[in-house]
Amino acid sequence: MRETADGPVVLGVVTLPGERRSAARARAFLRDLLPPDDPVLDDLLTVGSETVGNAVAHTASGRPGGRVTVALTATARGYRLEVGDDGADGARPHVRPGSDDDLLEDPLAGAENGRGMRIVAALTSAWGYWESGDRTVVWAEFAPARARGGRPRGPGLRAAGVSDPG
């Protein structure tokens, strides 16, 4: 996992159909790119699955002919996952407001839906999104475990928003 003098190294890119089973395909694709003992592998697979699933469920990628693009890059800071979708008519990825304590008080907070980006925020060192024409790209960065002090504790929520793709 080293960045060359020329910059980040693209480990792999795949474009998948906008179907529910593409989350499993994305996990398999990502699993094949990293060694099985990589300390960020489980978190990366979870976030990859969640972001692809969100793209299919909440954007035009889930419509007939839709697609989702998954890219993994090695950088000097760790790994960067990017999941591009076909756009959501102005809707943007966000963490549902509230804290983990809200899960006990708000039945919707504990619902099966609506917690995906909270999971992404908890498992990554940083995340956000950027727009590319009609498409939206959600990015997530994974620092080596030693650099993040092991698994994050608590909700690990980080601000996200439109940001520079690099």
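Rules behind the numbers
- Residues numbered from 1 in each chain as written.
- Predicted model: local features only at pLDDT ≥ 70, side-chain atom pairs only at ≥ 80, totals over all residues.
- Heavy atoms only, no water.
- pLDDT = per-residue confidence, 0-100.
- Helix = DSSP H or I, 4+ residues; strand = E, 2+ residues; numbered from the N terminus.
- Contact = heavy atoms within 4.5 Å.
- Core = buried A, V, L, I, M, F, W, Y, C linked by side-chain atoms within 4.5 Å.
- Buried < 20%, exposed > 50% of the residue type's maximum accessible area, 1.4 Å probe, protein only.
- Pairing = 2+ DSSP bridges.

A. Expanded view of the confidence of the model for the chain. Across the chain, the average pLDDT comes to 79, with 67% of residues at 70 or higher. At the level of individual helices and strands, the chain shows its lowest average pLDDT in helix H3 (residues 102-105), which scores 47, and its highest in helix H1 (residues 22-33), which scores 97. Low pLDDT, under 50, characterises residues 107-111; the stretch is placed with eight contacts to residues that sit more than four places away or in other chains.

B. Inspection of the nonpolar core at higher detail. In terms of nonpolar packing, the biggest core is built from 30 residues, with Leu30, Val70, Tyr79, Leu81 and Phe142 touching the most fellow members. Listed by contribution, the elements that provide at least two residues to this core are H1, helix H2 (41-58), strand E2 (67-75), strand E3 (78-85), helix H4 (116-123), strand E4 (126-132) and strand E5 (135-142). The element contributing the most residues to this core is H2, with seven residues.

C. Representation of the pairing of E5 in the model. In terms of burial, E5 is largely enclosed, as eight of its eight residues are buried. By the alternation rule, side chains of E5 split into Arg135, Val137, Trp139 and Glu141 and Thr136, Val138, Ala140 and Phe142, which are all buried. Examined bridge by bridge, E3 and E5 share seven bridges and lie antiparallel to one another. Looking across to E5, one finds that Leu81 is bridged to Ala140. Bridging between E4 and E5 involves seven bridges; their strand directions are antiparallel. The residue bridging Trp127 from the neighbouring strand is Ala140, located in E5. Linkage of E4 to E5, two consecutive antiparallel strands, is achieved through a turn of two residues, within which Gly133 is found at a positive phi near 65 degrees.

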